[in-house]
Amino acid sequence: MRIALLLACCLTLPGLVEKDTLIIYHKEIIVKGKTSVGSFECSYDSQYGGDTLVFNRPAPVNSSLDFEIPVKDFGCGNFLLNHDFRKTLKAEEYPTCAVTVDRLSKVDQQIFGTIRVRMAGTDLCLEKVSFAQREGRLQGNLRLSMDQLGLDASSRLGGLVQVNEQIDLEINLYLEPS
């Protein structure tokens, strides 16, 4: 009897694991914004190791994916943009940012999660963020204001360049191929 029960569990467990678990092998955060002279995009890319996210976990047990990001590791494409981005994020005072993705749930084919953002001394918790499945990755997009993040959207280069109030935060979680 015990052997039959064990065999039944082993045969059904792989299907459950595949259905309710995601293996993440690459994480990327992209911050996008606009100025009076064009747009900018700053990104952080992490390809270390792997992480596992589990859908619909019970309340006390949670599966989260944590990004601890040194502000100096964001790349914006050139020296001036990197410098302005670090200054805007108050990198001297707050050298790291953090993004946490947790409480993933799947309803039909729609995926939702909670995203926590800590940037420049401000903490935000955004619930029921929708994630889209795109070409081997989960992608979450947030539209935030500089004010929500406690950031100064002032001008740069002596007032010649004005920074828009809104920024987009894109979170890409690249999935291990099945």
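Structural data are supplied above this passage.
In this text, all values refer to a predicted model and were calculated from it rather than measured experimentally.

Novice: Which parts of the structure should I look at to understand the packing of aromatic side chains?
Specialist: Two numbers describe a pair of aromatic rings. These are the distance of the centres and the angle of the planes. According to the stated counting rule, one finds 2 aromatic pairs in the structure shown. The ring of Phe67 is capped by Lys27, whose NZ or CZ atom sits 5.1 Å from the centre of that ring. Cation over ring: Lys128 sits above Phe112, and NZ or CZ is 5.2 Å from the ring centre.

Novice: What should I look at first to understand the nonpolar core in this one?
Specialist: One finds Ile115, Phe131 and Leu173 to be the most contacted residues of the largest nonpolar core, which totals 43 residues. For this core, the leading source of residues is strand β9 (residues 163-175), giving 6 residues. When neighbours within four sequence positions are excluded, Phe131 is seen to be in contact with Val101, Leu104, Gln110, Ile111, Phe112, Gly113, Ile115, Leu138, Gln139, Gly140 and Leu173.

Novice: Can you walk me through helix α2 (residues 79-88) in this structure?
Specialist: Two residues of an α-helix separated by three or four positions point the same way, owing to the 3.6 residues in each turn. Those residues of α2 not exposed but buried are Asn82, Phe85 and Thr88. Projection of α2 onto a plane perpendicular to its axis shows the buried side chains occupying an angular sector of 130°, all on one side. Among the exposed residues of α2, those oriented more than 90 degrees off its buried face are Phe79, Leu80 and Lys87. Packing partners of the buried residues in α2 comprise β1 (21-35) and β2 (38-46). By the N-cap criterion, in which a side-chain oxygen at the helix start approaches the backbone nitrogen of a residue two or three places on, α2 is capped by Asn78, the distance to Leu80 being 3.0 Å. With its phi angle positive at about 55°, Lys90 sits one or two positions after the end of α2.

Novice: How should the state of the cysteines be read in this particular structure?
Specialist: As used in these notes, a disulfide is a covalent bond between sulfur atoms, one from each of two cysteines. Counted under the stated rule, the structure contains 1 disulfide. Note that Cys42 is cross-linked by a disulfide to Cys76, the S-S spacing being 2.0 Å. Because the sign of the S-S torsion sets the handedness, a value of about 110° for the bond joining Cys42 and Cys76 places this disulfide among the right-handed ones. Of the two residues, Cys42 is situated in strand β2 and Cys76 in the loop between β4 (64-70) and α2; the sequence distance between them amounts to 34 residues. Its relative accessible area of 7% is what places Cys76 among the buried residues.

Novice: Which parts of the structure should I look at to understand the pairing of strand β8 (residues 137-145)?
Specialist: For a regular strand, side-chain orientation follows a simple rule: the groups alternate between the two sheet faces. Where burial is concerned, most of β8 is hidden: 7 out of the 9 residues are buried. In terms of strand pairing, strand β7 (residues 122-134) meets β8 through 4 bridges, oriented antiparallel. Its bridge partner lying in β8, Phe131 is registered against Gly140. The antiparallel pairing of β7 with β8 creates a hairpin that spans 2 residues between the two strands, and Glu135 there sits at a positive phi of about 40°.

Novice: Hey, could you run me through the environment of Asn78 in this one?
Specialist: Looking at the secondary structure, you find Asn78 in the loop between β4 and α2. Look at Asn78 and you get partly exposed, because its relative accessible area is 38%. As for Asn78 and Cys42, which are separated by 36 residues in sequence, their C-alpha atoms are 9.9 Å apart. A distance of 3.0 Å separates the side chain of Asn78 from the backbone nitrogen of Leu80, its partner in a polar contact.

Novice: I keep staring at the pairing of β1 and nothing clicks. Help me out?
Specialist: In terms of residue burial, β1 counts as a mostly covered element, since 11 of its 15 residues are buried. Pairing geometry for β1 and strand β3 (residues 51-54), over 4 bridges, is antiparallel. Along β3, the bridge assignment pairs Ile23 with Thr52. Sheet analysis places β1 next to β9, joined by 10 bridges and oriented antiparallel. Bridge pairing links Thr35 to Val163 in β9. Pairing of β1 with β2, which is carried by 9 bridges, proceeds in the antiparallel orientation.

The rules behind these values
Residues numbered from 1 in each chain as written. Predicted model: local features only at pLDDT ≥ 70, side-chain atom pairs only at ≥ 80, totals over all residues. Heavy atoms only, no water. Phe/Tyr/Trp six-rings, centres within 6.5 Å; stacked < 30°, edge-to-face > 60°. Lys NZ or Arg CZ within 6 Å of the ring centre and 35° of its normal. Core = buried A, V, L, I, M, F, W, Y, C linked by side-chain atoms within 4.5 Å. Buried < 20%, exposed > 50% of the residue type's maximum accessible area, 1.4 Å probe, protein only. Helix = DSSP H or I, 4+ residues; strand = E, 2+ residues; numbered from the N terminus. Contact = heavy atoms within 4.5 Å. Arc of directions from axis to C-beta. Polar contact = N/O pair within 3.5 Å; in protein donor to acceptor, adjacent residues only side chain to side chain. Disulfide = S-S within 2.5 Å. Pairing = 2+ DSSP bridges.

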